[in-house]
Amino acid sequence: MTADPTPGPSADVHLTVFLHDLRLDYRAHAAAAQLFLREWTARHGAHSAALLPGEPHGFPRLPCERLYLDS
């Protein structure tokens, strides 16, 4: 039996992504969010995504989060 690769909510952070006129808010594991943030801002600019303080309750998980956890 293998462990669930999706971490528990205690390790989650609030990630916000700006895409054109949209603001998208997600919750993600801290390590996945850091990797996503580095990749996204390299392509879209330094102010196109950010980690925000506070609990990320109620937000959907970052799509394809496992891709960033498995790297």
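Look a little higher up for the structure.
Residues numbered from 1 in each chain as written. Predicted model: local features only at pLDDT ≥ 70, side-chain atom pairs only at ≥ 80, totals over all residues. Heavy atoms only, no water.

**Points about the pattern of salt bridges**
Next, step 1: Throughout the structure, instances matching the rule amount to four salt bridges.
Next, step 2: Of the charged contacts, one joins Arg 27 and Asp 12 as a salt bridge, the two residues approaching to 3.5 Å between their closest N and O atoms. One end of the pair, Arg 27, is in strand β2 (residues 22-29); the other, Asp 12, is in strand β1 (residues 12-19), with 15 residues separating them in the sequence.
Next, step 3: Since its relative accessible area comes to 26%, Arg 27 is described here as partly exposed.
Next, step 4: With relative accessibility at 9%, the residue Asp 12 sits in the buried group. (Salt bridge = Lys/Arg side-chain N within 4 Å of Asp/Glu carboxyl O. Helix = DSSP H or I, 4+ residues; strand = E, 2+ residues; numbered from the N terminus. Buried < 20%, exposed > 50% of the residue type's maximum accessible area, 1.4 Å probe, protein only.)

**Description of the nonpolar core**
Next, step 1: Within the largest apolar cluster, 12 residues are counted, these being Leu 15, Val 17, Tyr 26, Ala 28, Ala 32, Ala 33, Phe 36, Leu 37, Trp 40, Ala 49, Leu 62 and Tyr 68.
Next, step 2: Counting only elements with at least two residues in this core, the list comes to β1, β2 and α1 (30-44).
Next, step 3: Looking at which element gives the most residues to this core, the answer is α1, with five residues.
Next, step 4: Apart from the residues within four sequence positions on either side, Tyr 26 is in contact with Val 13, His 14, Leu 15, Val 17, Phe 59, Pro 60, Arg 61, Leu 62 and Pro 63. (Core = buried A, V, L, I, M, F, W, Y, C linked by side-chain atoms within 4.5 Å. Contact = heavy atoms within 4.5 Å.)

**Concerning the side chain of Asp 25**
Next, step 1: Structurally, Asp 25 is set in strand β2.
Next, step 2: Looking at Asp 25, its side chain comes within polar contact range of the side chain of His 14, at 2.8 Å.
Next, step 3: A polar contact is formed between the side chain of Asp 25 and the side chain of Arg 23, at a distance of 3.4 Å.
Next, step 4: Here Asp 25 is in contact with His 14, Leu 15, Thr 16, Phe 59 and Pro 60, once residues within four sequence places are set aside. (Polar contact = N/O pair within 3.5 Å; in protein donor to acceptor, adjacent residues only side chain to side chain.)

**Let's talk about the sheet that holds strand β3 (residues 49-52)**
Sheets are built from strands that pair by backbone hydrogen bonding, the pairs being arranged parallel or antiparallel.
Next, step 1: Ordered in space as β2-β1-β3, the three strands form an open sheet in which the pairing is antiparallel. Strands with a single pairing partner mark the edges of an open sheet, and in this sheet they are β2 and β3. Within the sheet, the average angular offset between the axes of one strand and its neighbour, ignoring direction, is 25 degrees.
Next, step 2: Here β1 pairs with β3 via four bridges, running antiparallel. Within the sheet, the bridge partner assigned to Leu 15 lies in β3 and is Leu 51. (Pairing = 2+ DSSP bridges. Axes fitted to C-alpha atoms, helices over the stretch in contact; angles between N-to-C directions.)

**As for the packing of aromatic side chains**
Next, step 1: Under the defined criterion, the tally for this structure stands at two aromatic pairs.
Next, step 2: Considering the side-chain rings of Phe 36 and Trp 40, the 5.5 Å spacing of their centres and the 20 degrees angle between planes classify their relative orientation as stacked. Here Trp 40 and Phe 36 lie together in helix α1, a separation of four residues that amounts to about one turn.
Next, step 3: According to the relative accessible area criterion, Phe 36 is buried, its value standing at 10%.
Next, step 4: Their ring planes at 85 degrees and their centres at 5.7 Å tell us that Phe 36 and Tyr 68 sit as a pair that is edge-to-face. Of this pair, Phe 36 sits in helix α1 while Tyr 68 sits in helix α2 (residues 65-69), placing them 32 residues apart in sequence.
Next, step 5: Chaining the aromatic ring pairs together yields one cluster made of Phe 36, Trp 40 and Tyr 68. (Phe/Tyr/Trp six-rings, centres within 6.5 Å; stacked < 30°, edge-to-face > 60°.)

Read these as layout, nothing more, since geometry by itself doesn't imply function.
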